Amino acid sequence: MNHRITNKVSIGGDNSGRITQTGIDAGGAETTMASLLGLVERLTTEVRGQELAKQEVLEDTLTDLAADLRAGDAAEPAVVRSRWEKVRGLLGGLTQFSEQIAKISEQVQKIFG
């Protein structure tokens, strides 16, 4: 799995030193993607069987999101972000899911910008 680098670097003027990149460790993207998939699957399990507004839409969107994450690098970042925003909107205001929502949002932001 390739690392997605979203940091922008602007270099102006003279530079006499080495240019280095930090913040990416080997295998980090795979671990993060696997962690995100685990969180989404856990949320899907917790949501299933509840009687929430738009339950079917919520479950379908979570299933599609999990399939996107399993696709790895083939996943379209815009699609993943859109699906997650839809889920987040449907679960908004439900305190029993707020911790899960925060964790998943953080991971989606790290991986897909």
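Residues numbered from 1 in each chain as written. Predicted model: local features only at pLDDT ≥ 70, side-chain atom pairs only at ≥ 80, totals over all residues. Heavy atoms only, no water.

**Comments concerning the overall build of the protein chain**
Here comes step 1: Counting its secondary structure elements, the protein chain contains 4 helices and 0 strands.
Here comes step 2: What you see in the protein chain, going N to C, is helices and strands ordered as α-α-α-α.
Here comes step 3: Residue pairs in contact within the protein chain that sit at least 24 positions apart in sequence constitute 67% of those at least 6 positions apart.
Here comes step 4: Approximately 7400 Å² of the protein chain is accessible, and the part contributed by carbon and sulfur atoms is 47%. (Helix = DSSP H or I, 4+ residues; strand = E, 2+ residues; numbered from the N terminus. Contact = heavy atoms within 4.5 Å. Areas by Shrake-Rupley, 256 points an atom, 1.4 Å probe, with all protein chains shown as cover.)

**Focus: helix α3 (residues 77-91)**
Here comes step 1: Look at α3: 21 Å from first C-alpha to last across 15 residues, which is about the 21 Å you get at 1.5 Å a residue.
Here comes step 2: Those residues of α3 that fall on the buried side of the exposure criterion are Val-80, Trp-84, Val-87 and Leu-91. Taken end-on, α3 shows its buried residues confined to a sector of 60°, consistent with a single buried face.
Here comes step 3: Positive backbone phi, at 90°, marks Gly-93, one or two positions downstream of α3. (Expected span 1.5 Å × (residues − 1). Buried < 20%, exposed > 50% of the residue type's maximum accessible area, 1.4 Å probe, protein only. Arc of directions from axis to C-beta.)

**So, the nonpolar core**
Here comes step 1: In this structure, Leu-43, Leu-69, Leu-91 and Phe-112 are the most contacted members of the largest nonpolar core, which totals 24 residues.
Here comes step 2: Those elements that provide at least two residues to this core are α1 (28-47), α2 (55-70), α3 and α4 (98-112).
Here comes step 3: Looking at which element gives the most residues to this core, the answer is α1, with 7 residues.
Here comes step 4: Dropping the residues within four chain positions of it, Leu-91 is found in contact with Leu-43, Val-47, Leu-52, Leu-58, Phe-97 and Ile-101. (Core = buried A, V, L, I, M, F, W, Y, C linked by side-chain atoms within 4.5 Å.)

**Here we look at the pattern of salt bridges**
Here comes step 1: For the structure shown, the criterion picks out 6 salt bridges.
Here comes step 2: Between Glu-85 and Arg-88 there is a salt bridge, and its shortest N-O distance comes to 3.6 Å. With Glu-85 and Arg-88 both in helix α3 and 3 residues apart, this pair spans about one turn of that helix.
Here comes step 3: Accessibility expressed as a relative area gives 41% for Glu-85, which makes it partly exposed.
Here comes step 4: Exposure remark for Arg-88: the relative accessible area of 34% places this residue in the partly exposed category. (Salt bridge = Lys/Arg side-chain N within 4 Å of Asp/Glu carboxyl O.)

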